[in-house]
Amino acid sequence: MTTLAIETSGLVKTFGGNRAVDDLDLAVPAGTVYGVLGPNGAGKTTAVRMLATLLRPDGGQARVFGHDVVREADAVRGRVSLTGQYASVDEDMTGVENLILLGRLLGHGKAAARARAEQLLDAFGLTEAAGRQVKHYSGGMRRRVDIAASILNTPDLLFLDEPTTGLDPRARSQVWDIVRIVVAHGTTVLLTTQYLDEADHLASRIAVIDHGKVIAEGTPGQLKSSIGSGSVHVRLREAHQREQAEQVIASALATTVVLEADPVALTARLTAGQDAVAAEQAARALSELAAAGIVVDEFSLGQPSLDEVFLALT
Amino acid sequence: MTTTTPAPETYSPVAETLGAVLSRESRPPRPGALSASMAFGWRAMLKIKHVPEQLFDVTAFPIMMTLMFTFLFGGALAGSPGDYLQFFLPGIMVSSVVMITMYTGIEVNKDIERGIFDRFRTLPIWRPAPMVGYLLGDAVRYTLASIVILLVGLVLGFRPAGGFVGVVAAIAVLVAFSFAFSWVWTMFGLMLRSEKSVMGVSMMVIFPLTFLSNVYVDPATMPSLLRAFVEINPISHVVSAVRALMAGTPAASELMWVLVAGVALMVVFGTLTMRLYNRK
Ligand SMILES: Nc1ncnc2c1ncn2[C@@H]1O[C@H](COP(=O)(O)OP(=O)(O)OP(=O)(O)O)[C@@H](O)[C@H]1O
Ligand SMILES: [Mg+2]
């Protein structure tokens, strides 16, 4: 039996009449990255806040390493840390001051706290920015100092609430690398995200949530095969060829084709379970379009987007 | 204005360096209540260092109050500004310091809106420590404001008979009471939704408390209903205690009043603050 880092059953949080988290069941194995995928307002932050002892659940149960988040909140706090959706560092203070403060709050003496802060800043490539106020940091640096603060004492469970929303691709991949290293050193990571590819790259299991409920759960592979491996997007030169193109693609891919609002665009969702097969299918569709004399301006094969995941799951 | 050109982002996480900081061995024991509070107090000091504008409120405002009231009321109420000052300076000191306590609530409220509060609340530390930290920082500001007012008073001709010891004791009593009183603001800071509403409520509490007191005029001149309020108003007792200490005639009963009021405020509003803090 694997130990569970997080276990919730029937977790509920309501704000007024709004059930932000509605009967949520999660089981997060220790030592892995677990992705919680959902659109704006799905209840990701609310769920994380309950698990991190910041918000009291209105119903159900949640345990972190076997400790109840309400009755044994202090024991939970000793093992987790949180990098919130919005920077959880003090913007008026410098990077090094933020980390020293946290070090002292975690029981380090003055000198030890400073040494630890410098070591962390170095590991996160922030030595040069150490003496600057965090409000002057770039988005990526801010995230890094925030994560550094979260691992000041290496936690057993780290919550990362949308750690890459708003970051550029480079800063995003830095965060991904950090997450991989952290998890390789034995910390369990609960990561919320709006991006399927992020969950796909990092998580060993994913829960898709919407309206506060889990609507699908499994490994990235399982999820993708249940929703198809992506879509083919086509743009034609001539609108009048669209009907013909629809038939060609539908028969080549054995799937239904959606006509977009744009009179020259069509989208077909692939049903195959594997990316290699998807590419093969797409290539076949393209060559058959050419054979039928249909002029194609754009042709692309996309990963299933979160929209498509929801379309498929709800 | 300083503009910061972001350094070219050359960072790429290295498994070895990052791995080296991820160790489970060096976890120190949790800090005690005092050291956690002191760490938050240190944060408050850093905030003053980085945002020195906030000291403006605790210096310019009291100076303005002192000058304005001394010359505005001095002639009418006591014959001359100089005579009025002997009566009035301890009062205006109390009233200005009590007024600036309300910035505590605004600070608390600002922090909640930022994510930093979430981090503090997930730490395994003595729960009231962040609040006590604010108040320790504020105590420094109260002391500073008291000294500024005292200096202005001395320049204008205020001559406390209690001498140095009396004045220091008076300021100590005032700062201690303000520390206790500030728990009212930590509560409002946690309870109310925005900085603006904290400001609004603070004004509604502060103005009656400071004006309906014995700061400006002798309560003997007031109608009986008003006088009844003025006499139970804790601010009046703080003023009397501070006045007596500065005049070199310490009043035990007033000091007792201040002590009881301070403890009561701290128990009631400290408890409410912590309930809100835990529930937030
Ligand atoms: N403090 C609050 N008071 C009232 N309603 C709230 C509060 N916090 C969240 N909600 C509501 O609960 C629902 C879930 O919000 P939550 O922030 O958990 O979503 P999320 O999945 O984190 O979204 P996002 O991707 O935008 O961060 C939303 O409808 C939101 O409006
Ligand atoms: Mg969120």
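Residues numbered from 1 in each chain as written. Chains lettered and ligands numbered in written order. Predicted model: local features only at pLDDT ≥ 70, side-chain atom pairs only at ≥ 80, totals over all residues. Heavy atoms only, no water.

## Overview of the overall build of chain B
Put simply, the test is: Note on conventions: DSSP H or I runs of at least 4 residues are helices, E runs of at least 2 residues are strands, and numbering of each starts at the N terminus. Each residue is placed in one exposure class: buried if its accessible area under a 1.4 Å probe, protein chains only, is under 20% of its type's maximum, exposed if it is over 50%, and partly exposed if it falls in between. Residues count as neighbours in contact if any of their non-hydrogen atoms are within 4.5 Å of one another. Only four residue types enter the charge count: Lys and Arg as positive, Asp and Glu as negative, with His and the chain ends excluded. The atoms used to mark charge sites are NZ of Lys, CZ of Arg, CG of Asp and CD of Glu.
When helices and strands are tallied, chain B shows 13 helices and zero strands. Counting from the amino terminus, helix and strand elements in chain B follow one another as α-α-α-α-α-α-α-α-α-α-α-α-α. Counting only C-alpha atoms, chain B reaches 80 × 40 × 35 Å along its principal axes. Taking all 280 residues of chain B together, the buried fraction comes to 49%. Summarising the internal contacts of chain B: among those between residues at least 6 apart in sequence, 78% fall at separations of at least 24. Treating the 20 positive side-chain charges of chain B as one cloud and the 15 negative ones as another, the clouds have centres 7 Å apart.

## A short note on the sheet that holds strand β2 (residues 18-29) of chain A
In sheet architecture, strand pairing relies on hydrogen bonds along the backbone and comes in two forms, parallel and antiparallel. Residue and element names in this part refer to chain A. Test applied: One bridge is not enough; two strands pair if DSSP finds at least two bridges between them. The axes used here are C-alpha line fits, helices contributing only the stretch in contact, and every angle between their N-to-C directions lies in the interval 0 to 180 degrees.
Pairing within the open sheet is antiparallel, and its four strands lie in the order β2-β1-β4-β5. Edge positions in the sheet fall to β2 and β5 (67-68), since each of these pairs with one other strand and no more. Looking at chain direction, strand β1 (residues 4-15) and β2 are connected through nine bridges and run antiparallel. For L11, the partnering residue across the bridge sits in β2 and is L24. Set on the sheet, helix α1 (residues 44-51) makes contact with β1, β2 and β4 (59-64); between it and β1 the angle comes to about 120°.

## Digging into the site of ligand 1
All names here are of chain A. Selection criterion: Throughout, the term near means that a residue has one or more heavy atoms lying within 4 Å of the molecule or strand in question. Pairing of N or O atoms within 3.5 Å defines a polar contact, subject to two protein rules: one partner must be a possible hydrogen donor and the other a possible acceptor, and residues neighboring in sequence count only if both atoms are side-chain atoms. Shrake-Rupley sampling with a 1.4 Å probe provides the accessible areas, and residues are treated as covered by the protein chains on show and by no other component. Gly is put with the polar residues, along with every residue not named as nonpolar or charged; the nonpolar set is Ala, Val, Leu, Ile, Met, Phe, Trp, Tyr, Cys and Pro, and the charged set is Asp, Glu, Lys and Arg.
The immediate surroundings of ligand 1 are formed by 14 residues, with N40, G41, T45, T46 and E162 found nearest. One of the backbone nitrogen or oxygen atoms of A42 is found 3.1 Å away from an oxygen atom of ligand 1. Q194 is positioned such that a nitrogen or oxygen atom in its side chain is 3.3 Å from an oxygen atom of ligand 1. For ligand 1, whose unbound accessible area comes to 630 Å², protein coverage reaches 62%. Per element, the largest residue contribution to the shell around ligand 1 is three residues, and it comes from α1. When grouped by side-chain class, the residues that make up the shell around ligand 1 number four nonpolar, eight polar and two charged.

## So, the interface of chain B and chain A
Selection criterion: A pair is scored as a salt bridge if a Lys or Arg side-chain nitrogen falls within 4 Å of a carboxyl oxygen belonging to Asp or Glu.
On the chain A side, the residues contacting the 44 residues of chain B number 59 residues. Scanning the region where chain B abuts chain A turns up eight salt bridges. Residue A:D146 pairs with B:R119 through a salt bridge whose shortest N-O separation is 2.5 Å. In terms of residues, the side of chain B that touches chain A owes the most to one element, helix α2 (residues 33-50) of chain B, which gives nine residues. Class assignment of the residues belonging to the side of chain B that touches chain A gives a composition of 23 nonpolar, eight polar and 13 charged.

## Focus: the environment of B:A15
Its location among the elements puts B:A15 in helix α1 (residues 15-21). Setting aside residues no more than four positions away along its own chain, B:A15 makes contact with A:I181 and A:H185.

## Considering the pairing of strand β10 (residues 213-218) of chain A
All names here are of chain A. As paired elements, strand β9 (residues 205-210) and β10 share five bridges and run antiparallel to each other. The residue of β10 that forms the bridge with A207 is E217. The turn linking β9 back onto β10 is made up of two residues, and H211 within it adopts a positive phi angle of 50°.

## Some words on unusual backbone geometry
Residue and element names in this part refer to chain A. You will see that D23, though not glycine, has its phi angle at about 60°, which is positive. Among the secondary structure elements, D23 is positioned in strand β2. Within the chain, H211 stands out as a residue other than glycine whose phi angle is a positive 50°. By secondary structure assignment, the location of H211 is in the loop between β9 and β10.

## Looking at the side chain of A:E162
All names here are of chain A. Within the element layout of this structure, E162 appears in the loop between β7 (157-161) and α6 (169-184). We classify E162 as buried; its relative accessible area is 3%. Here the side chain of E162 touches Q194 through a polar contact of 3.2 Å, side chain to side chain. Other than its neighbours up to four places away in sequence, E162 contacts K44, Q85, R143, T192, T193 and Q194.

## Topic: the packing of aromatic side chains
All names here are of chain B. To keep it simple, the criterion reads: Here the aromatic set is Phe, Tyr and Trp, taking the six-membered ring for Trp, and pairing holds for ring centres within 6.5 Å; pairs whose planes are under 30 degrees apart are stacked, those over 60 apart are edge-to-face, and all others are tilted.
Tallied over the entire structure, the rule returns six aromatic pairs over all chains. Seen from their ring centres, F40 and F120 are 4.8 Å apart, and the 85° between their planes marks the pair as edge-to-face. One end of the pair, F40, is in helix α2; the other, F120, is in helix α6 (residues 116-121), with 80 residues separating them in the sequence. For F120, a relative accessible area of 1% corresponds to the buried category. Taken together, a centroid distance of 6.1 Å and an interplanar angle of 35° make the contact between W185 and F188 tilted. One end of the pair is W185 and the other is F188, both in helix α9 (residues 183-191) and three residues apart, which spans about a single turn.

## A look at the UniProt feature "transmembrane region" (unreviewed entry) in chain B
All names here are of chain B. Using the following cut-off: UniProt positions are given in the numbering used here, feature names are shortened, and annotations may be inferred rather than shown by experiment.
The sites that UniProt annotates as "transmembrane region" (unreviewed entry) are residues 55-78, 84-106, 139-158, 164-185, 197-217 and 255-277. The span residues 84-106 carries 91% helix and 0% strand; its end-to-end C-alpha distance comes to 34 Å. End C-alpha to end C-alpha, residues 164-185 measures 31 Å, and it is 95% helix and 0% strand.

## Here we look at the pattern of salt bridges
Residues and elements named next belong to chain A. If you walk through the whole model with that rule in mind, you get 27 salt bridges over all chains. Between R180 and D177 there is a salt bridge whose closest N-O contact spans 3.2 Å. Of the two residues, R180 and D177 are both situated in helix α6; the distance of three residues between them amounts to about one turn of the helix. Here R180 falls in the partly exposed class, since its relative accessible area comes to 36%. D177 sits in the partly exposed class, given a relative accessible area of 29%.

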